[in-house]
Amino acid sequence: LTLNRKTHKAYNRTRENNFSLQGLLGFDLYKKTVGIVGTGKIGQAFASICNGFGMKVLLYDKFPNAEISTKYNARYVQLPTLLQSSDVISLHCPLLPETRYLINTSTISQMKSTAIILNTGRGRLLNTQDGIDALK
């Protein structure tokens, strides 16, 4: 929510006595699509929160669990589908050799240009330099 609502940017502006709202409006999460990579306990908790906002929930996990998709009114999809369809992508997977730099130039190019990435897992799930390059 802080990223979407640009709270940090607003905080910095107020420290400079700039109270303009221009450029600070985020978007409503209702009916937006969230892609959750990793459906362990934390990923499930996040799915529950997203349901509370009325978001469409897509899931990706190496080991899909039908009970989880039913419980959270979500759908398991392949990673490319999740990347292409999601407005918010949240990473909740462990750092393993196959997940290292899961988010890189190739996967970033599959995302919407307005997508928000939340990395709540390990730092090396996302190639930082590729992320920086994509923001330029």
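Above this text is the structure in question.
**Q** Lay out the overall build of the chain in plain terms, naming residues and giving numbers.
**A** Of regular secondary structure, the chain possesses seven helices and five strands. Listed by position from the N terminus, the elements making up the chain come as α-α-β-α-β-α-β-α-β-α-β-α. Taking 2.2 N^0.38 as the reference for a compact globule, 136 residues should give roughly 14 Å; the C-alpha atoms of the chain span a radius of gyration of 16 Å, in line with that estimate. Counting only C-alpha atoms, the chain reaches 50 × 35 × 25 Å along its principal axes. Taking all 136 residues of the chain together, 36% fall into the buried category. At a minimum sequence separation of 6, the contacts of the chain that also span at least 24 residues come to 53%. About 8,700 Å² of surface is accessible on the chain, with carbon and sulfur atoms providing 54% of the total. Where the 17 positive side-chain charges of the chain centre and where its 8 negative ones centre are 4 Å apart.

**Q** Requested: an account of the sheet that holds strand β5 (residues 116–119), with residues and values cited.
**A** Pairing within the open sheet is parallel, and its five strands lie in the order β3-β2-β1-β4-β5. This sheet does not close on itself; its edge strands, each paired only once, are β3 (74–76) and β5. Geometrically, the sheet is characterised by an average inter-axis angle of 20 degrees between neighbouring strands, direction not taken into account. Running at roughly 175 degrees to strand β1 (residues 33–37), helix α3 (residues 41–52) makes contact with β1, β2 (56–60), β4 (88–91) and β5 of the sheet.

**Q** Describe unusual backbone geometry, naming the residues involved and giving the relevant values.
**A** Residue Lys-31 is not a glycine yet carries a positive backbone phi of 70 degrees. Following the sequence through the fold, Lys-31 ends up in the loop between α2 (7–15) and β1. With a phi angle near 50 degrees, Asn-73 is a residue other than glycine that sits in the positive phi range. Inspection of the secondary structure assignment puts Asn-73 in the loop between α4 (66–71) and β3.

**Q** Break down the pattern of salt bridges for me, citing the residues and quoting the values.
**A** Tallied over the full model, the rule gives two salt bridges. Of the charged contacts in the structure, one is a salt bridge between Glu-98 and Lys-62, with a shortest N-O distance of 3.2 Å. Remark: Lys-62 occurs in the loop between β2 and α4 and Glu-98 occurs in the loop between β4 and α6 (105–109); sequence separation between them is 36 residues. Looking at Glu-98, the relative accessible area reads 49%, which means it is partly exposed. Asp-87 is the salt-bridge partner of Lys-112, the closest N and O atoms lying 2.9 Å from each other.

**Q** Could you give an account of the environment of Ile-103, with specific residues and numbers?
**A** Summarising the element assignment, Ile-103 is placed in the loop between β4 and α6. For Ile-103, a relative accessible area of 1% gives the class buried. Separated by twelve residues in the primary sequence, Ile-103 and Leu-91 have C-alpha atoms spaced 9.4 Å apart. Not counting residues within four places of it along the chain, the set of residues in contact with Ile-103 comprises Leu-83, Leu-91, Ile-108, Met-111, Ile-117, Leu-125, Leu-126 and Asn-127.

Cut-off values and rules
Residues numbered from 1 in each chain as written. Predicted model: local features only at pLDDT ≥ 70, side-chain atom pairs only at ≥ 80, totals over all residues. Heavy atoms only, no water. Helix = DSSP H or I, 4+ residues; strand = E, 2+ residues; numbered from the N terminus. Rg over C-alpha atoms; globule rule 2.2 N^0.38 Å. Buried < 20%, exposed > 50% of the residue type's maximum accessible area, 1.4 Å probe, protein only. Contact = heavy atoms within 4.5 Å. Areas by Shrake-Rupley, 256 points an atom, 1.4 Å probe, with all protein chains shown as cover. Lys, Arg positive; Asp, Glu negative; His and termini not counted. Charge placed at Lys NZ, Arg CZ, Asp CG, Glu CD. Pairing = 2+ DSSP bridges. Axes fitted to C-alpha atoms, helices over the stretch in contact; angles between N-to-C directions. Salt bridge = Lys/Arg side-chain N within 4 Å of Asp/Glu carboxyl O.

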